[in-house]
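Residue strings, one per chain:
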Amino acid sequence: MNAAPADQIRLLDVQSLDVRLSQLAHKRKSLPEHAEIESLNKDLSQLRDLLVAAQTEESDCAREQTKAEQDVDQVRQRAVRDQQRLDSGAVSSPKDLENLQKEIVSLAKRQGDLEDVVLEVMERRESAQERVAELTERVSSVQSKVDDAVARRDAATQELDGEASSVAKERDLVAGSVPADLMKLYEKIRQQQGGVGAARLYQRRCEGCHIELNITEVNDVRAAAPDTVVRCENCRRILVRTAESGL
């Protein structure tokens, strides 16, 4: 393939812009905020699970407390009724009186036991409420950190995207001035060679694979016409000659 030396030089400009686009894409993908957000979201998910568990425990304790208080109230009301019967003198049978008195004593003990249950449940509920408050605060704190990291990531991404857009426009402009067949060859090689399709020959060294040409290769390149598109024998990239090629 033949192409004017100036077109081959412009190919290096295209390659330089392609490298910059790749660098920008890599930088965008590798922003430290990505890992930071992932780590924070993991922490946030765990904290939210703990918060749900604590809220569930508090809710269970609330229902248990209500049930225990209702049990206490029922026993208390029954004890009050029994005491009223005893005080009214309506029960005259000695045996019935004895049974009633025993029941009042039993109810008093039962009420005491149930009140202890209420206190124990209240303590557990208070502990769960404190845990809910603590976790709610921690969730809020981590969420704020996530929001901050997301804002920083979005700002950095926007800046990189803006630069990439500018570079892409410049690349299209320069590539448009390079002959289509040369660009087609360049694109094919670039896909095969990790993003580098053309390299400068500098001081007899290919800047694509960084291997110095041997004397036979140097003589072949020196003998090639200026408009001949030369390829590196080692990496097969387009080898662009300049005044600094050392030929």
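Coordinates for the structure precede this section.
These numbers were taken from a predicted model, which means no experiment stands behind them. (Residues numbered from 1 in each chain as written. Predicted model: local features only at pLDDT ≥ 70, side-chain atom pairs only at ≥ 80, totals over all residues. Heavy atoms only, no water.)

### Comments concerning unusual backbone geometry
Excluding glycine, a negative phi dihedral is what most residues carry, and trans is how most peptide bonds are arranged. Let me state the cut-off plainly: By the criteria applied, helices consist of DSSP H or I runs no shorter than four residues and strands consist of E runs no shorter than two, each listed in order from the N terminus. Each residue's exposure class comes from its accessible area (1.4 Å probe, protein chains only) as a fraction of the maximum for that residue type: buried when under 20%, exposed when over 50%, partly exposed otherwise.
Notably, Q203 is not glycine yet its phi reads approximately 50°, a positive angle. The topology assignment puts Q203 in the loop between strand 1 (198–202) and strand 2 (205–206). Residue Q203 is classed as partly exposed on the basis of its relative accessible area of 47%. Even without being glycine, R204 reaches a positive phi, approximately 65°. As for its position among the elements, R204 is in the loop between strand 1 and strand 2.

### Considerations on the side chain of Q65
Inclusion rule: Should any heavy atoms of two residues lie within 4.5 Å, those residues are counted as being in contact.
Take Q65: it is sitting in helix 2 (residues 32–88). A relative accessible area of 11% means that Q65 is categorised as buried. Q65 has contacts with V121, M122 and R125, leaving out every residue within four places of it along the chain.

### Thoughts on the packing of helix 2 against helix 3 (residues 94–175)
Defined as follows: Here, axes are lines fitted to C-alpha atoms. For helices the fit covers the stretch in contact, and angles between N-to-C directions go from 0 to 180 degrees. An angle below 35 degrees is read as roughly parallel, one above 145 as roughly antiparallel, one from 65 to 115 as roughly perpendicular, and any other as oblique. Note: crossing handedness is left-handed where the near helix turns anticlockwise from the far helix by less than a right angle, and right-handed where it turns clockwise. Residues are grouped as follows: nonpolar covers Ala, Val, Leu, Ile, Met, Phe, Trp, Tyr, Cys and Pro; charged covers Asp, Glu, Lys and Arg; every other residue, Gly included, is treated as polar.
Where helix 2 meets helix 3, the closest approach of the two axes is 6 Å, and the angle between their N-to-C directions is 165°. By the angle between their axes, helix 2 is roughly antiparallel relative to helix 3. Classified by chirality, the crossing of helix 3 by helix 2 is left-handed. Here the residues of the contact of helix 2 with helix 3 sort into 31 nonpolar, 10 polar and 22 charged.

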